[in-house]
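# Structural overview for review
This is what each chain is made of:
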Amino acid sequence: MKIVVIEDELLTAKDLATTIQEIEPEFEIVKILTSVEEAIHFLNSNNQIDLIFSDIQLGDGLSFEIFEKTQNKIPVIFCTAYDEYALEAFNTFGIYYFLKPFTKETVKTALSKYHLLKEKLQLSTDEFSNVIKEIKNKLYPSITSSLIIYEGDKIIPINSNQIAFFYIENKFTYAQTFDNKRHIISQNMDYLERNLSPQFFRANRQYLLNRNAVKDASQFFNRKIVVNLCVENHEKIIIGKLKITSFLDWLTHY
């Protein structure tokens, strides 16, 4: 049995690999993959894998992108920090998951279910695509069209189309509009990223960008790129090399 682990936290990945082999000594951990880009390249050139253990949120994007772009037919067990309510869709389609931090017992249970239902997990490409769409819809509901901002004692709705980008400054989250006004908002970046994707892209920990605000991008040192906006911004917005593929795909397809 050949297994691939997709996990960007290397210590967690190694711990998971060790746990799997303690439970099933004959299993071979073929590869630990730490990014969407690396996983896509590996799976497109290796078709002898029997099972994948994968986190959902990686440093350069969501692992769903891997399975969509490789037309994956390999059963996947997700190991994730998302709560159980959000992951009800997994049970509906027979894809198994366990929550972080995992234990030997949770991994053992997941493997037992895999053995029990191995034949049922042989999904066609179309079936797997439908599964991924349902899970994404469960985790990332319809795009939020309006947000609430506060100005003194006023509560004002603002449409997301009016916002060029969000950013964090001194632990506060701000929305900057296309007319160069900025507003403090109550939602944090993780919430905004989940609810405004794919209209907005998480460039880094500090910035979330509206596609319509991106003018162009240029090469930066150490294989990074700098994003230039069509609105006023006094700081460089840098995309790390692990996120470049996802960023370019977002520019191309949204």
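Values in this document were obtained by computation on a predicted structure and should not be read as measured data. (Residues numbered from 1 in each chain as written. Predicted model: local features only at pLDDT ≥ 70, side-chain atom pairs only at ≥ 80, totals over all residues. Heavy atoms only, no water.)

Turning next to the overall build of the protein. When you go through the protein residue by residue, the secondary structure sums to 8 helices and 17 strands. The proportion of buried residues among the 254 residues of the protein is 44%. A separation of at least 24 residues holds for 55% of the contacts in the protein among residues at least 6 apart in sequence. Only carbon and sulfur atoms are counted for the fraction: they give 49% of the accessible area of the protein, which is about 13,800 Å². (Helix = DSSP H or I, 4+ residues; strand = E, 2+ residues; numbered from the N terminus. Buried < 20%, exposed > 50% of the residue type's maximum accessible area, 1.4 Å probe, protein only. Contact = heavy atoms within 4.5 Å. Areas by Shrake-Rupley, 256 points an atom, 1.4 Å probe, with all protein chains shown as cover.)

Pairs can form between side chains of opposite charge once their charged atoms are near each other. For the structure shown, the criterion picks out 9 salt bridges. Across the pair Asp190 and Arg202 runs a salt bridge whose closest N-O atoms are separated by 3.4 Å. With Asp190 in helix α7 (residues 189-196) and Arg202 in strand β13 (residues 200-202), this residue pair connects regions lying 12 residues apart in the sequence. Overall, the relative accessible area of 42% leaves Asp190 in the partly exposed class. Relative accessible area serves as the criterion here: at 12%, Arg202 is assigned to the buried category. (Salt bridge = Lys/Arg side-chain N within 4 Å of Asp/Glu carboxyl O.)

To continue, consider the side chain of Ser246. Locating Ser246 in the fold gives a position in helix α8 (residues 244-253). You can call Ser246 buried: its relative accessible area is 7%. Among residues more than four places away in sequence, those in contact with Ser246 are Asp60, Gly61, Glu65 and Phe201.

The subject of this paragraph is the pairing of strand β11 (residues 172-177). Across the 6 residues of β11, 5 count as buried, placing the element largely inside the fold. By the bridge criterion, 6 bridges tie strand β10 (residues 163-169) to β11 in an arrangement that is antiparallel. Bridge assignment links Ile168 to a residue of β11, and that residue is Thr173. Here 4 bridges tie β11 to strand β12 (residues 182-185), and the two strands are oriented antiparallel to one another. Bridged to Tyr174 within β12 is Ile184. Taken together, β11 and the strand that follows it, β12, pair antiparallel across an intervening segment of 4 residues, in which Asn180 is found at a positive phi of about 65°. (Pairing = 2+ DSSP bridges.)

The terminal C-alpha atoms of helix α1 (residues 10-23), which comprises 14 residues, lie 20 Å apart, in line with the 20 Å expected from a rise of 1.5 Å per residue. Buried within α1 we find Ala13, Leu16, Ala17, Thr19, Ile20 and Ile23. Taken around the axis of α1, the buried residues stretch over an arc of 165°, which confines them to a single face. Residues of α1 that are buried sit in contact with β1 (2-6), β2 (28-33), β3 (51-54), β6 (76-80), β7 (96-99) and α5 (104-116). (Expected span 1.5 Å × (residues − 1). Arc of directions from axis to C-beta.)

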